There are 2 protein chains.
Amino acid sequence: MKPMNVGLLGIGTVGAGTFTVLSRNAEEISRRAGRPIRIVAVAEKDVARANEITQGTCRVVDDAFAVVSDPEVDIVIELIGGCGVAKELVLKAIANGKHVVTANKALLAMHGNEIFAEAQKQGVMVAFEAAVAGGVPIIKAVREGLSANRIEWIAGIINGTTNFILSEMRDKGLSFDTVLKEAQRLGYAEADPTFDIEGVDAAHKITILSAIAFGIPMQFDKAYIEGISQLNAKDIKYAEQLGYRIKLLGITRRTPAGVELRVHPTLIPAKRLIANVEGAMNAVVVQGDAVGATLYYGKGAGAEPTASAVIADLIDVTRMHTADPEHRVPHLAFQPDQLVDLPILPIAEVQTCFYLRLRVHDEPGVLADITRVLADEQISIDALIQKEPGDGEDETDLILLTHLTLEKRVNAAIARLEKLSVVVGKVTRIRMEELGK
Amino acid sequence: MKPMNVGLLGIGTVGAGTFTVLSRNAEEISRRAGRPIRIVAVAEKDVARANEITQGTCRVVDDAFAVVSDPEVDIVIELIGGCGVAKELVLKAIANGKHVVTANKALLAMHGNEIFAEAQKQGVMVAFEAAVAGGVPIIKAVREGLSANRIEWIAGIINGTTNFILSEMRDKGLSFDTVLKEAQRLGYAEADPTFDIEGVDAAHKITILSAIAFGIPMQFDKAYIEGISQLNAKDIKYAEQLGYRIKLLGITRRTPAGVELRVHPTLIPAKRLIANVEGAMNAVVVQGDAVGATLYYGKGAGAEPTASAVIADLIDVTRMHTADPEHRVPHLAFQPDQLVDLPILPIAEVQTCFYLRLRVHDEPGVLADITRVLADEQISIDALIQKEPGDGEDETDLILLTHLTLEKRVNAAIARLEKLSVVVGKVTRIRMEELGK
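Because the structure is predicted, anything quoted here is derived from the model rather than measured.

Looking only at helices and strands, chain A features 15 helices and 17 strands. Each principal axis of the C-alpha atoms in chain A carries an extent, and together these give about 85 × 55 × 45 Å. Counting the 437 residues in chain A, one finds 60% classified as buried. In chain A, the proportion of contacts linking residues at least 24 apart, taken out of those at least 6 apart, comes to 70%. Carbon and sulfur atoms make up 50% of the accessible area of chain A, which totals about 15,900 Å². Positive and negative charge centroids in chain A, built from 47 and 57 side chains respectively, lie 3 Å apart.

Laid out in structure tokens, this is it:
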């Protein structure tokens, strides 16, 4: 099957991430898309950097206009950013009949109406999942997943820098200025952080979400924008005492009088899931009339999370480009002739951590007997709590948390533990998962 | 534009929800899909009920086989459930060249391989977003949104009944049996709750997710399944003391030795977002190699949330069915000629609640002066806290939370408050949003 040929404009952080992920996962991506997707040309001012990353696997040029006019290129990825040359290049690519994938929220929020009109005229696709909330597929959720709903409102933590700063201010009781400096040192904030901290970046993103939620043109110039640079640590503390957290939210809401489109620090009840989104993470809540509230959470920035969205768009465009039955979205995500028969592991072979509760006699040597059995079965103990027996009781609960171990080892250990004279009745066993770091 | 004609098999809870949402949101759905989607035939044993719901807007028959053979029908929605007649009907519909939308997780987990092979042969689509996590578009996220990733694992709270029971057991310290009875009374658990509480329903769903995550056939018969009926309230309490919550998780993970596929009660760290998913809500975490962890949260059951997923599938099939450029997924969700020009509200006209912090002199009459101004501007107060002044200080912080009010009223009030002799300096104002009930 003929590969889909991609021209990449800009190989900075996200461009390099895109190149890396596309190479590393080439086989799975091809199994999903129905054909290989390969970068054939990269345009980058820093040619040496581009050559170092691409290692001769594709052409490297310093003239992006050559790539958008290259007859070999089917899809152009625009990762230059801003509204200057990026706009020219995107329009030129469209005029040349190329599909475009972009992460450029500023460009879409400010010139999206013109760009989409041109794309429509030329019959090409402009895909932009990476423009909002990085790797979280929120554009697809709103545009396709929730398409049955009359969407009522969207509220999102869609700028990681400011969420990191607010989390640190609350956590450590520090001032905005102190935390900003720390964020810059850690790379969470740019040297000139204005676009992030003053809410402009979030406003670009909520403008895009408002358009796809309500079927209205992009209207960034009408957005109300207020950042977090004036926020006082005192208010974060008082809000907390009242049961609220302060987050920088992008909000768009449909009202009888019109559409709200705004970015500002917002108190939200601490019990809401979105109030508990900490650090540089993003989360978006969408309220639909049928589905109610749904929430989408993940990394909103970074090389590979953003690349994840860029490449998902490449696959979408590839699947839709030909749109013959074999290239629609496959039922099981992978093309039907590309399923593999990986074995399903029997549960005995599964590795997890375990919580074990034993009812034991409260007498000397109990722990020695029990830990001996576990050691014999190569099970290592992470934590152990022995409860005080109740008044007049001579039995008590012993709780153990294990490190990662094979289920069959735990089964063997339990069989032996239940035979010990110090153990009363059955051992309770519940599996544990960390689910992240 | 010729409408897409739908035949609905079964008009119980979800079927009625689908009918209702499709009618209520007909205009927006048509603006998104590029053509109307209408139910032309309903098959239902309880013809009287079906007539009452459909009110003569479509044909009602008691023979579902007539609908899957009806030449007028383009898409069949199967909401009968189970693996008996539902399987026959789905295969018959496919053989007749109809696209199929189904919420039937048992059918797909057990007979999906056969059904998808037939669909592939006939060139029709079988869509099943509603089969997992109700209204949460998790199938689309895994199949399309995260398609760049090598998926490492998926862990989900994908059964609302058991999550409700576990939340209540933890919250109220009650036993499983007591809470199950309460759940049955409230309609969160069925009269025969076996499929839910023993984990079978969750196993159907995680089987489907494992197939689309790893590109493997459905292998429900190899899933390890353990429910919550044996769970002791004591272990929930001990887990809490150790910093964990117990949730019934469906887990599938790729390991070098094979694929894990399992459902069981699981301790997870209380600080994870998914550990804080309470009541009948669903949430799924997907770990991809590029994107890291993303989470999807919402209502996993109920008439309209499930209908939301069923109709999203109808729109997907409609958009893909013709697959000419005009019927691909539109850039802005709505067809380009269907955008509307709703006005964006100026921020002064936006209604929210407000947090106000005033620095005030600690003297009699302060509250009277301030509340008078707010009353004059028709701003009603939800809560008010006056801090004690620090030692030797004669000023203090006064914090007010308002009910919903127009921004311009608050601006007017603040202008007046700042002129009061009892108020020192500027008033701090932060907007508040409840974001749900």
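Before going further, it helps to spend a moment on the sheet that holds strand E5 (residues 99-102) of chain B. All names here are of chain B. Read from one edge of the open sheet, six strands run E3-E2-E1-E4-E5-E6, paired in parallel fashion. Either end of the sheet is taken by a strand with one partner, and the two such strands are strand E3 (59-61) and strand E6 (126-127). Bridge count between E5 and E6: two bridges; the pairing is parallel. Its bridge partner lying in E6, Val 101 is registered against Ala 127.

Here the UniProt feature "domain: ACT" (unreviewed entry) sits at residues 355-432 of chain A. Within the segment residues 355-432 of chain A, helix and strand shares are 28% and 42% respectively, and the terminal C-alpha atoms sit 7 Å apart.

Now for the pairing of E5(B). Residues and elements named next belong to chain B. Residues His 99 and Val 101 line one face of E5 and the alternating positions Val 100 and Thr 102 line the opposite face, and both faces are buried. Bridge count for strand E4 (residues 75-78) against E5 is four bridges, and the pairing is parallel. Residue pairing in the sheet places Val 76 in a bridge with Val 100 of E5. In this fold, the crossover linking E4 to E5 by way of helix H5 (residues 85-95) has right-handed handedness.

In this structure, A:Asp289 sits in the loop between strand E11 (281-288) and strand E12 (292-299). Within polar-contact distance, the side chain of A:Asp289 engages the side chain of B:Arg24 at 3.1 Å. Filtering out sequence-adjacent residues up to four positions away, A:Asp289 remains in contact with A:Asn149, A:Arg150, A:Glu152, B:Arg24, B:Asn25 and B:Glu304.

Moving on, we get to helix H14 (residues 366-376) of chain B. All names here are of chain B. For H14, the set of buried residues is Val 366, Ile 370, Val 373 and Leu 374. Within H14, the buried residues cover an arc of 95 degrees as seen down the axis, which keeps them to one side. Lining the buried residues of H14 we find strand E13 (351-361), strand E14 (381-386), strand E15 (395-402), helix H15 (407-417) and strand E17 (423-432). Just downstream of H14 lies Gln 378, where phi reads positive at about 60 degrees.

The operation relating chain B to chain A is a screw motion whose rotation component is 180 degrees, with 0.0 Å of axial translation and a residual RMSD of 0.0 Å. One copy is carried onto the other by what is essentially a two-fold rotation axis. When C-alpha distances to the rotation axis are compared across chain B, the minimum falls at B:Tyr296, with a value of 2.4 Å. Most of the interface of chain B is mirrored in chain A, where 100% of its interface residues are also at the interface.

Across all of its chains, the model carries 84 salt bridges over all chains by this definition. For the salt bridge of B:Arg150 with A:Glu28, the shortest nitrogen-to-oxygen distance reads 3.3 Å. Within this pair, whereas B:Arg150 is found in the loop between helix H7 (138-145) and strand E7 (151-157), its partner A:Glu28 is found in helix H2 (residues 26-33), the two belonging to separate chains. The partner of B:Asp235 in a salt bridge is A:Arg357, with the nearest N and O atoms 2.5 Å apart. Of this pair, B:Asp235 sits in helix H12 (residues 233-241) while A:Arg357 sits in strand E13 (residues 351-361), on two different chains. For A:Arg357, a relative accessible area of 9% corresponds to the buried category.

Moving on, we come to the packing of helix H8 (residues 160-172) of chain A against helix H9 (residues 176-186) of chain A. Residues and elements named next belong to chain A. One way to put it is that H8 packs onto H9 with a least axis distance of 9 Å and a crossing angle of 125 degrees. By the criterion of interaxial angle, the relationship of H8 to H9 is oblique. When the axes of H8 and H9 are compared, the crossing they make is right-handed. In contact with Phe 164, Ile 165, Glu 168 and Met 169 of H8, H9 contributes Phe 176, Val 179, Leu 180, Ala 183 and Leu 186.

Secondary-structure assignment places B:Asp74 in the loop between helix H4 (64-68) and E4. Among residues more than four places away in sequence, those in contact with B:Asp74 are B:Lys2, B:Pro3, B:Met4, B:Asn5, B:Lys98 and B:His99.

It is worth spelling out the nonpolar core at this point. By size, the foremost hydrophobic cluster in this structure holds 170 residues, and its most contacted members are A:Ile138, A:Ile165, B:Ile138 and B:Ile165. Discounting residues that sit within four places of it in the chain, B:Ile138 has contacts with B:Glu129, B:Val132, B:Ala133, B:Leu209, B:Val284, B:Val286 and B:Tyr296. Counting 69 residues, the second-largest nonpolar core is a separate cluster that includes A:Ala309, A:Val317, B:Leu8 and B:Ile39.

Scoring rules and cut-offs
Residues numbered from 1 in each chain as written. Chains lettered and ligands numbered in written order. Predicted model: local features only at pLDDT ≥ 70, side-chain atom pairs only at ≥ 80, totals over all residues. Heavy atoms only, no water. Helix = DSSP H or I, 4+ residues; strand = E, 2+ residues; numbered from the N terminus. Buried < 20%, exposed > 50% of the residue type's maximum accessible area, 1.4 Å probe, protein only. Contact = heavy atoms within 4.5 Å. Areas by Shrake-Rupley, 256 points an atom, 1.4 Å probe, with all protein chains shown as cover. Lys, Arg positive; Asp, Glu negative; His and termini not counted. Charge placed at Lys NZ, Arg CZ, Asp CG, Glu CD. Pairing = 2+ DSSP bridges. UniProt positions renumbered as here; feature names shortened; annotations may be inferred. Right-handed = clockwise from strand over helix to strand, strands pointing away. Polar contact = N/O pair within 3.5 Å; in protein donor to acceptor, adjacent residues only side chain to side chain. Arc of directions from axis to C-beta. Least-squares fit on C-alpha atoms with pLDDT ≥ 70 in both. Salt bridge = Lys/Arg side-chain N within 4 Å of Asp/Glu carboxyl O. Axes fitted to C-alpha atoms, helices over the stretch in contact; angles between N-to-C directions. Parallel < 35°, antiparallel > 145°, perpendicular 65-115°, else oblique. Left-handed = near helix turned anticlockwise from the far one by under 90°. Core = buried A, V, L, I, M, F, W, Y, C linked by side-chain atoms within 4.5 Å.

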